[in-house]
Amino acid sequence: STWGLHLIALMDSSSFACFLPPTLIEQIKSWLDEDIPTTDYGGFVVGGEAAVAHLLMKQSGVVAGVPFVNEVFGYLRCTIEWHVREGEEFSLSPGERKHAATVRGPAHALLKGERVALNLLARCSGIATMSRKFVDVKAATGFTGIVAGTRKTTPGFRLVEKYGMLVGGVDTHRMDLSSMIMTKDNHVDAAGSITLAVQKARSVGGFSVKIEVETRTHAEATEAIAAGADIVMLDNMSPETLAALAPALRAENPGKHFLLEVSGGIRLDTVAAFMLPGIDIISTSAVHQGVPVIDFSLKIRRGA
């Protein structure tokens, strides 16, 4: 059921912080340095008196990005108490505010971290919310394969965007060029053929690194399978073409193990048509590119 998938995502998301690298603190520091390159005039205005601020969720969506917000305020020696759980989804009426967390610390420190923390939370939650919508479509269609994002992420912000996908319930796909060997059309054209590209990839990737080949035709997919590709991407093909091609490739290659991935221009309103028998993976940048953010604000409570 859809609720079952949401419950799994909610239970699992609490442990995703352990997935993040120890270099996260350096990334947090660089984001703060970008916002405060020299002096903080506003920080002088508010001073160092102890203060309390409420982190408010202002739109419906999935909460994601808790570890990033924790690190921002932790670096600034503030404390934060969360009143919502990572991966939890809320439906808010217009004007309604959800008290998501309480942050305590010197007033200037709260405001130093405010914008960086809100930007991280808004972007990550927006991606998690869109990812959850794709998960809902998957549940509604009964598709048993994987829905994944892509590597088309914002430079310097990939970790946040991939994290949002995880919390929302979709697969991150490869994290970077070192995660899996994907031979796309340019690789194949430069190497001379799919077969040569796979052979060269295998010579350095060995047995432990998967190889994926992007293909554009039935013939290219057949060559990729014969060459030993672990994953064959059927790129920019219509659902009608895929409905015939996927079972044909299975029938033509009995006993061979390979995964079929479809990609290219797939959106939330079209993804259901691609959830076909024989398809193992649907990858789309629509879970993270051009996705609306979820609005949050931080309000200092006087006398709290």
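Let me sum up the structure you'll find in this document. Bear in mind the structure is a predicted one, so any value in this text is a computation, not a measurement.

Conventions adopted
- Residues numbered from 1 in each chain as written.
- Predicted model: local features only at pLDDT ≥ 70, side-chain atom pairs only at ≥ 80, totals over all residues.
- Heavy atoms only, no water.
- Pairing = 2+ DSSP bridges.
- Helix = DSSP H or I, 4+ residues; strand = E, 2+ residues; numbered from the N terminus.
- Axes fitted to C-alpha atoms, helices over the stretch in contact; angles between N-to-C directions.
- Contact = heavy atoms within 4.5 Å.
- Parallel < 35°, antiparallel > 145°, perpendicular 65-115°, else oblique.
- Nonpolar A, V, L, I, M, F, W, Y, C, P; charged D, E, K, R; others polar.
- Left-handed = near helix turned anticlockwise from the far one by under 90°.
- Phe/Tyr/Trp six-rings, centres within 6.5 Å; stacked < 30°, edge-to-face > 60°.
- Buried < 20%, exposed > 50% of the residue type's maximum accessible area, 1.4 Å probe, protein only.
- 1 Å grid on protein atoms, 1.4 Å probe; cavity = no way out; pocket = protein on both sides within 12 Å on 5 of 7 lines; lining within 4 Å.
- Points joined across faces, edges and corners; volume = space filled by probe spheres on them.

**As for the sheet that holds strand S3 (residues 79-82)**
Hydrogen bonding along the main chain pairs the strands of a sheet, whether they run parallel or antiparallel.
Argument step 1. If you walk across this open sheet you meet the four strands as S3-S5-S1-S12, and the pairing is antiparallel. Unpaired on one side and paired on the other, S3 and strand S12 (296-300) mark the two borders of the sheet. Strand-to-strand, the axes of this sheet are offset by a mean angle of 20°, without reference to chain direction.
Argument step 2. Relative to strand S5 (residues 98-106), S3 runs antiparallel, the two sharing four bridges. When the sheet's bridge partners are listed, isoleucine 80 is paired in S5 with valine 103.
Argument step 3. Packed on one face of the sheet, helix H4 (residues 66-75) meets S3, S5 and S12 and runs near 155° to S3.
Argument step 4. Here helix H5 (residues 107-141) sits on the sheet in contact with strand S1 (50-57), S3, S5 and S12, set at roughly 165° to S12.

**Things to note about the packing of H4 against H5**
To describe two helices that pack against each other, one gives the angle between their axes and the distance between the axes.
Argument step 1. Taken N-terminus to C-terminus, the directions of H4 and H5 make an angle of 170°; their axes are 9 Å apart at the nearest point. Judged on the interaxial angle alone, H5 and H4 are roughly antiparallel. Contact residues: Phe68, Val69, Val72 and Phe73 in H4; Leu110, Gly113, Glu114, Val116, Ala117, Leu120, Leu121 and Cys124 in H5.
Argument step 2. Here the contact of H4 with H5 is composed, by residue class, of ten nonpolar, one polar and one charged.

**Digging into the packing of H5 against helix H6 (residues 158-168)**
Argument step 1. Across the interface, H5 lies against H6 with an axial gap of 7 Å and an inter-helix angle of 40°. Classified by the angle their axes make, H5 and H6 are oblique. When the axes of H5 and H6 are compared, the crossing they make is right-handed. On the side of H5, the interface is formed by Leu120, Arg123, Cys124, Ile127, Ala128, Ser131, Arg132 and Val135, while H6 contributes Val160, Glu161, Tyr163, Gly164, Met165, Val167 and Gly168.
Argument step 2. Looking at the contact of H5 with H6, its residues break down into nine nonpolar, three polar and three charged.

**What to know about the pairing of S5**
A regular strand places its side chains on the two faces of the sheet in alternate fashion.
Argument step 1. Here S1 runs beside S5; their pairing, made up of eight bridges, is antiparallel. Following the sheet pairing, leucine 56 is matched in S5 by histidine 99.

**Overview of the packing of aromatic side chains**
Argument step 1. Across all of its chains, the model carries three aromatic pairs by this definition.
Argument step 2. Ring centres of phenylalanine 68 and tyrosine 163 lie 5.2 Å apart, and the angle between their planes is 85°; on these two criteria the pair is classed as edge-to-face. Here phenylalanine 68, found in helix H4, pairs with tyrosine 163, found in helix H6; they are 95 residues apart in sequence, far enough to count as distant. Like phenylalanine 68, the residue tyrosine 163 is buried in the burial classification.
Argument step 3. Three or more aromatic residues joined by ring pairs form one cluster here, namely Phe16, Phe68 and Tyr163.

**Comments concerning the layout of surface pockets**
Argument step 1. Of the voids in this model, the largest pocket is the one considered here, and its volume is about 350 Å³.
Argument step 2. For the largest pocket, the lining is made up of 20 residues, of which Thr150, Lys152, Lys184, Met233 and Ser263 are closest to its centre.
Argument step 3. Broken down by class, the residue content of the lining of the largest pocket amounts to three nonpolar, ten polar and seven charged.

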